[in-house]
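Architecture and fold: a report
Chain by chain, the residues run as shown.
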Amino acid sequence: MSDAIHGESGLNRLELIIEKLEHAEERLVRLRAGEAELEGEIQEALRELREFEHHVVEVHVVHVNEVEKTTFRVNVAATLQKVWDKAYDKLEIPHEPKDVFQTGGEHPKSLMSHLSLSLAQAKDQGVIENYHFGIASETGGA
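For clarity, every value in this text was computed on a predicted model and none was experimentally measured.

1. As for helix α2 (residues 80–91)
Each α-helix winds once per 3.6 residues, and so residues spaced three or four apart point in a common direction. Across its twelve residues, α2 extends 16 Å between first and last C-alpha, which sits within 8% of the 16 Å expected from 1.5 Å per residue. Residues of α2 that are buried: L80, V83, W84, A87, Y88 and L91. Along the long axis of α2, the arc covered by the buried residues comes to 140°, so they all point the same way. Where α2 is buried, its residues touch β1 (56–63), β2 (68–75), β3 (100–103), α3 (119–124) and β4 (132–136). Among the residues trailing α2, E92 stands out with phi positive, at a value near 55°.

Take a look at the structure:
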(Lines give C-alpha, C1' and ligand atoms only; values in the text may rest on other atoms or scores of the structure.)
Protein backbone atom coordinates (compact mmCIF):
# COMPACT_ATOMS: atom_id res chain seq x y z
CA MET A 1 0.00 0.00 0.00
CA SER A 2 2.87 2.40 0.65
CA ASP A 3 4.00 1.88 -2.95
CA ALA A 4 0.56 2.99 -4.15
CA ILE A 5 0.66 6.13 -1.99
CA HIS A 6 4.22 6.89 -2.97
CA GLY A 7 3.32 6.35 -6.63
CA GLU A 8 0.27 8.58 -6.42
CA SER A 9 2.21 11.26 -4.56
CA GLY A 10 4.95 11.12 -7.16
CA LEU A 11 2.37 11.46 -9.94
CA ASN A 12 0.82 14.54 -8.29
CA ARG A 13 4.24 16.09 -7.88
CA LEU A 14 5.05 15.39 -11.53
CA GLU A 15 1.78 17.05 -12.58
CA LEU A 16 2.65 20.11 -10.47
CA ILE A 17 6.11 20.31 -12.02
CA ILE A 18 4.63 20.04 -15.54
CA GLU A 19 2.07 22.71 -14.66
CA LYS A 20 4.87 25.00 -13.43
CA LEU A 21 6.81 24.40 -16.66
CA GLU A 22 3.76 25.16 -18.81
CA HIS A 23 3.08 28.33 -16.82
CA ALA A 24 6.72 29.40 -17.18
CA GLU A 25 6.61 28.72 -20.93
CA GLU A 26 3.44 30.83 -21.28
CA ARG A 27 5.09 33.70 -19.38
CA LEU A 28 8.17 33.38 -21.55
CA VAL A 29 6.08 33.59 -24.73
CA ARG A 30 4.33 36.74 -23.40
CA LEU A 31 7.65 38.27 -22.38
CA ARG A 32 9.19 37.57 -25.77
CA ALA A 33 6.17 39.12 -27.48
CA GLY A 34 6.55 42.17 -25.23
CA GLU A 35 10.27 42.25 -25.95
CA ALA A 36 9.59 42.21 -29.70
CA GLU A 37 7.09 45.04 -29.30
CA LEU A 38 9.59 47.09 -27.28
CA GLU A 39 12.31 46.37 -29.83
CA GLY A 40 9.97 47.73 -32.49
CA GLU A 41 9.38 50.88 -30.44
CA ILE A 42 13.14 51.33 -29.99
CA GLN A 43 13.74 50.93 -33.73
CA GLU A 44 10.99 53.48 -34.49
CA ALA A 45 12.50 55.98 -32.03
CA LEU A 46 15.96 55.48 -33.55
CA ARG A 47 14.53 56.00 -37.04
CA GLU A 48 12.88 59.24 -35.90
CA LEU A 49 16.14 60.37 -34.32
CA ARG A 50 18.10 59.68 -37.52
CA GLU A 51 15.44 61.52 -39.52
CA PHE A 52 15.60 64.49 -37.14
CA GLU A 53 19.40 64.54 -37.15
CA HIS A 54 19.32 64.47 -40.93
CA HIS A 55 17.52 67.82 -40.74
CA VAL A 56 19.92 69.37 -38.24
CA VAL A 57 23.18 70.83 -39.45
CA GLU A 58 26.22 72.36 -37.84
CA VAL A 59 26.61 76.04 -38.70
CA HIS A 60 29.90 77.95 -38.51
CA VAL A 61 29.89 81.75 -38.26
CA VAL A 62 32.86 84.09 -38.14
CA HIS A 63 32.54 87.75 -37.22
CA VAL A 64 35.13 89.03 -39.66
CA ASN A 65 35.97 92.32 -37.93
CA GLU A 66 36.07 90.89 -34.41
CA VAL A 67 37.72 87.62 -35.51
CA GLU A 68 35.30 85.74 -33.27
CA LYS A 69 33.95 82.34 -34.25
CA THR A 70 31.00 80.22 -33.18
CA THR A 71 29.59 76.86 -34.12
CA PHE A 72 26.10 75.63 -33.32
CA ARG A 73 23.49 73.19 -34.55
CA VAL A 74 20.25 74.30 -36.13
CA ASN A 75 17.41 72.72 -38.10
CA VAL A 76 17.58 73.23 -41.88
CA ALA A 77 14.12 74.84 -41.67
CA ALA A 78 15.65 77.82 -39.83
CA THR A 79 15.84 80.99 -41.89
CA LEU A 80 19.11 82.73 -42.64
CA GLN A 81 17.79 85.57 -40.44
CA LYS A 82 17.37 83.18 -37.52
CA VAL A 83 20.89 81.81 -38.05
CA TRP A 84 22.27 85.35 -38.16
CA ASP A 85 20.40 86.30 -34.96
CA LYS A 86 21.53 83.16 -33.17
CA ALA A 87 25.13 83.84 -34.20
CA TYR A 88 25.02 87.23 -32.43
CA ASP A 89 23.68 85.53 -29.29
CA LYS A 90 26.43 82.91 -29.41
CA LEU A 91 29.17 85.42 -30.19
CA GLU A 92 27.89 87.87 -27.56
CA ILE A 93 28.58 90.74 -29.93
CA PRO A 94 26.05 93.52 -30.55
CA HIS A 95 24.31 93.66 -33.92
CA GLU A 96 25.35 96.90 -35.60
CA PRO A 97 22.97 98.53 -38.10
CA LYS A 98 25.39 98.27 -41.03
CA ASP A 99 26.43 94.65 -40.40
CA VAL A 100 26.17 92.27 -43.34
CA PHE A 101 25.45 88.54 -43.17
CA GLN A 102 27.38 86.74 -45.86
CA THR A 103 28.65 83.39 -47.02
CA GLY A 104 31.94 82.22 -45.55
CA GLY A 105 35.18 81.61 -47.36
CA GLU A 106 37.59 83.65 -49.44
CA HIS A 107 34.96 85.13 -51.76
CA PRO A 108 31.97 85.93 -49.56
CA LYS A 109 28.69 87.08 -51.05
CA SER A 110 26.01 89.02 -49.24
CA LEU A 111 22.97 87.12 -48.05
CA MET A 112 21.04 90.26 -47.12
CA SER A 113 18.45 89.83 -49.86
CA HIS A 114 17.94 86.17 -48.92
CA LEU A 115 17.41 86.36 -45.16
CA SER A 116 13.86 84.97 -45.39
CA LEU A 117 15.07 81.73 -47.02
CA SER A 118 15.51 78.64 -44.89
CA LEU A 119 18.89 76.96 -44.89
CA ALA A 120 17.42 74.15 -46.98
CA GLN A 121 15.94 76.56 -49.53
CA ALA A 122 19.14 78.60 -49.71
CA LYS A 123 21.16 75.46 -50.35
CA ASP A 124 18.67 74.08 -52.90
CA GLN A 125 18.63 77.38 -54.77
CA GLY A 126 22.42 77.66 -54.82
CA VAL A 127 22.46 80.76 -52.62
CA ILE A 128 24.79 78.96 -50.21
CA GLU A 129 27.14 76.05 -50.82
CA ASN A 130 27.67 75.05 -47.21
CA TYR A 131 26.87 76.18 -43.68
CA HIS A 132 29.84 78.51 -43.23
CA PHE A 133 28.91 82.17 -42.83
CA GLY A 134 30.45 85.48 -41.96
CA ILE A 135 29.32 88.70 -40.37
CA ALA A 136 31.07 91.79 -41.66
CA SER A 137 30.78 95.21 -40.08
CA GLU A 138 31.20 98.34 -42.13
CA THR A 139 34.39 100.07 -41.05
CA GLY A 140 34.86 103.80 -40.99
CA GLY A 141 36.69 105.54 -43.80
CA ALA A 142 37.15 108.85 -45.56
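Now that the structure is up, let's keep going.
2. Here's the deal with the sheet that holds β3
Overall, mixed pairing links the four strands, which are arranged β2-β1-β4-β3 in an open sheet. Whereas interior strands pair on both sides, the edge strands pair on one side only; in this sheet they are β2 and β3. Going across the sheet, the axis of each strand differs from the next one's by a mean of 30°, ignoring polarity. The sheet contact formed by β3 and β4 spans four bridges and is antiparallel.

So, how was this worked out
- Residues numbered from 1 in each chain as written.
- Predicted model: local features only at pLDDT ≥ 70, side-chain atom pairs only at ≥ 80, totals over all residues.
- Heavy atoms only, no water.
- Helix = DSSP H or I, 4+ residues; strand = E, 2+ residues; numbered from the N terminus.
- Expected span 1.5 Å × (residues − 1).
- Buried < 20%, exposed > 50% of the residue type's maximum accessible area, 1.4 Å probe, protein only.
- Arc of directions from axis to C-beta.
- Contact = heavy atoms within 4.5 Å.
- Pairing = 2+ DSSP bridges.
- Axes fitted to C-alpha atoms, helices over the stretch in contact; angles between N-to-C directions.

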